[in-house]
Amino acid sequence: MKPGRKSGAALRRLTITVLWRRRGISFLLAGAAFLGVFASAFLHGLTARQEAAMEDMMEHMEIRCVVGNARGMDTEHLNMPSPFVDRLTGRRQEENLENAVKSIRAKATQSLSEPANTTLRRILSLDSDSALSAVEGAAVTLWEGWEEDVFATDAPVCLIPEGMAQGREVSCVTVSLEEGESKELTVIGTVSGGPSDGIWCPFYMKWKDDENITEAFPVDSCSFVISDNSRLEECKKAIFEVFLEPGLSAESGQWNYSVMVQDEIYQNTMEEYRSQLSMLGLLLPVLLLLCGGISFFAAYLTTRSRIREYAVMRCLGRKQRQIFAQVFGEQALLAAVGGAVGGMAGFCFLPPSSPGIVWKAGLSLCLFLAGAAVAAGIVSRVDVMKWMKEE
């Protein structure tokens with residue numbers, strides 16, 4: 001065996017022997033490395049979970065917006081012109097909000113002269129009418145071949161109250177407005193448990209077959225959802241280019257309608273998440289510095305009592321770098337054992353959700369070793385002549 005290999009093997013045996021004889025201190029140093037690595041992995045895992053929870057809420061939490069008058073009131077009796085809904089759905093391209101909003105609900109009612117004492121209810125979806133959504137759709141029976149999506153079209157179809165069918169299947173019904181215009185609608189289903197004086201048809205149903213433009217009519221209620229919460233401010237800006245922000249001093253008018261963005265819970269929750277992430281972000285560097293400081297003081301204090309031993313080694317011909325290698329090797333071995341156990345514990349208790357957990361745990365271990373290296377450098381510079389004089 002070569003001399004270098006012999007000295008390396010001897011150094012390793014000496015290191016293990018010293019650590020075993022001083023096993024109390026050895027366990028203490030290994031425990032410090034364990035806590036540093038485990039805490040780094042744990043903090044990273046908590047941060048990853050908080051970020052995932054924030055992203056999940058941003059993606060799935062619906063921010064509902066309700067249209068009201070200029071003061072933000074009277075949301076069920078707007079008397080708002082239907083072109084405002086056209087802008088939300090993208091039917092008016094000059095003010096297209098289809099990228100800012102989704103799940104639009106709107107309802108308009110018009111009085112009918114035939115059938116008598118009956119109201120025509122224009123809806124974008126079944127959820128647009130609270131009389132239908134209150135019973136969770138159980139009262140609506142769509143006949144075979146028809147889906148709710150038909151209400152997003154301009155098809156001349158309708159739902160009728162179950163009492164109007166009188167136990168038989170009605171294929172079509174003729175309705176007339178108070179102005180005298182008539183329309184034949186294909187019946188696609190019935191409604192039970194809801195108002196008995198209403199007929200439900202698509203919001204954009206054309207009254208005349210040869211009509212090339214959308215008919216304008218008064219809208220009773222309108223609401224929608226922000227399409228992308230990650231672009232909340234951008235979406236709100238686009239919305240408020242068409243609608244007003246509600247204010248008590250605002251005056252109601254034919255073109256003055258406001259939107260109440262119900263984002264208080266979302267904003268407060270997001271602020272809590274950001275605050276927690278900020279705190280976790282500050283804890284990690286503090287932890288890393290603390291880990292390096294603890295390793296330095298622990299290594300220095302545990303090796304300081306061995307200065308006489310190192311001085312004797314120097315007198316016997318051992319060089320300073322050899323003393324440093326021995327001291328640092330002891331600390332590195334303890335750090336490797338403690339760090340490995342801490343890393344495994346971190347992976348078991350809080351599985352990593354991103355590769356960042358590896359380098360953060362590694363950084364904690366590197367700072368521990370850096371502190372140990374500084375302590376080993378100080379101890380290995382023992383002044384033999386000064387020590388001999390003092391002895």
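Going by the structure above, here's the rest.
Residues numbered from 1 in each chain as written. Predicted model: local features only at pLDDT ≥ 70, side-chain atom pairs only at ≥ 80, totals over all residues. Heavy atoms only, no water.

(A) Examining helix H6 (residues 232-239) more closely. When H6 is considered as a whole, its buried residues turn out to be Leu232, Cys235, Lys236 and Ile239. Along the axis of H6, the buried positions cluster into a sector of 100°, meaning they face one direction only. Across from the buried face of H6, at angles greater than 90 degrees, the exposed residues are Glu233, Glu234 and Lys237. (Buried < 20%, exposed > 50% of the residue type's maximum accessible area, 1.4 Å probe, protein only. Helix = DSSP H or I, 4+ residues; strand = E, 2+ residues; numbered from the N terminus. Arc of directions from axis to C-beta.)

(B) Molecular detail of the side chain of Ser128. Topologically, Ser128 is positioned in the loop between strand S4 (118-123) and helix H4 (130-133). There is a polar contact of 3.2 Å between the side chain of Ser128 and the backbone nitrogen of Ala106. (Polar contact = N/O pair within 3.5 Å; in protein donor to acceptor, adjacent residues only side chain to side chain.)

(C) How the structure looks around the nonpolar core. Val67, Met80, Val85, Phe203, Phe224 and Phe243 are the most contacted members of the largest nonpolar core, which has 36 residues in total. Only helix H2 (23-60), strand S1 (64-69), helix H3 (83-89), strand S3 (101-114), strand S11 (221-226), H6, strand S12 (257-261) and helix H7 (264-304) provide two or more residues apiece to this core. Filtering out sequence-adjacent residues up to four positions away, Met80 remains in contact with Val67, Val85, Phe217, Pro218, Val219, Cys222, Phe243 and Tyr257. Counting residues in each nonpolar core, the second largest holds 16 residues, with Trp143, Ile160, Ala165 and Val173 among its members. (Core = buried A, V, L, I, M, F, W, Y, C linked by side-chain atoms within 4.5 Å. Contact = heavy atoms within 4.5 Å.)

(D) Inspection of the environment of Gly281 at higher detail. Take Gly281: it is sitting in helix H7. In the structure, Gly281 is positioned 238 residues away from Leu43 in sequence and 8.7 Å away in space, judged by C-alpha atoms.

(E) Highlighting the pairing of S11. Counting buried positions over the 6 residues of S11 gives 6, a clear majority of the element. One ladder, built from 3 bridges, connects S1 with S11; its direction is antiparallel. Across the sheet, residue Val66 finds its bridge partner in S11, namely Ser223. Pairing geometry for S3 and S11, over 5 bridges, is antiparallel. From the neighbouring strand, Ala106 faces S11, where its bridge partner is Cys222. (Pairing = 2+ DSSP bridges.)

(F) Layout of the pattern of salt bridges. In the structure shown here, the tally under the stated rule is 5 salt bridges. Across the salt bridge formed by Asp127 and Arg105, the nearest N and O atoms sit 3.8 Å from each other. Remark: Arg105 occurs in strand S3 and Asp127 occurs in the loop between S4 and H4; sequence separation between them is 22 residues. Two residues, Arg231 and Glu234, come together in a salt bridge whose shortest N-O distance is 3.0 Å. Here the salt bridges share partners, and the residues they tie into one network are Asp228, Arg231 and Glu234. (Salt bridge = Lys/Arg side-chain N within 4 Å of Asp/Glu carboxyl O.)

(G) Representation of the state of the cysteines in the model. Using the criterion set out here, one finds 0 disulfides in the structure. No disulfide involves Cys222; its sulfur sits 10.0 Å from the nearest other cysteine sulfur, which is in Cys65. Taking the relative accessible area as the measure of exposure, Cys222 reaches 3% and is therefore buried. (Disulfide = S-S within 2.5 Å.)

(H) Just the packing of aromatic side chains, in detail. Counted by the stated rule, this structure contains 5 aromatic pairs. Taken together, a centroid distance of 5.5 Å and an interplanar angle of 40° make the contact between Phe84 and Phe243 tilted. Of this pair, Phe84 sits in helix H3 while Phe243 sits in the loop between H6 and S12, and the two are 159 residues apart along the sequence. Neither residue differs from the other here; Phe84 and Phe243 are each classed as buried. On the numbers, 5.3 Å between centres and 70° between planes, the contact of Phe84 with Tyr257 is edge-to-face. With Phe84 in helix H3 and Tyr257 in strand S12, the pair connects residues that are 173 residues apart, well separated along the chain. The pair Phe84 / Tyr257 is uniform in exposure class, with both members buried. Grouped by ring-pair contacts, the aromatic residues Phe84, Phe243 and Tyr257 constitute a single cluster. Here the basic side chain of Arg87 rests over the ring of Phe84, its NZ or CZ set 4.8 Å away from the ring centre. A cation sits over an aromatic face here: Arg122 above Phe217, 4.3 Å from the ring centre. (Phe/Tyr/Trp six-rings, centres within 6.5 Å; stacked < 30°, edge-to-face > 60°. Lys NZ or Arg CZ within 6 Å of the ring centre and 35° of its normal.)

(I) Fine view of the environment of Ala131. Here Ala131 shows up in helix H4. With relative accessibility at 22%, the residue Ala131 sits in the partly exposed group. When the C-alpha atoms of Ala131 and Pro195 are compared, they prove to be 7.0 Å apart, with 64 residues separating the residues in sequence.

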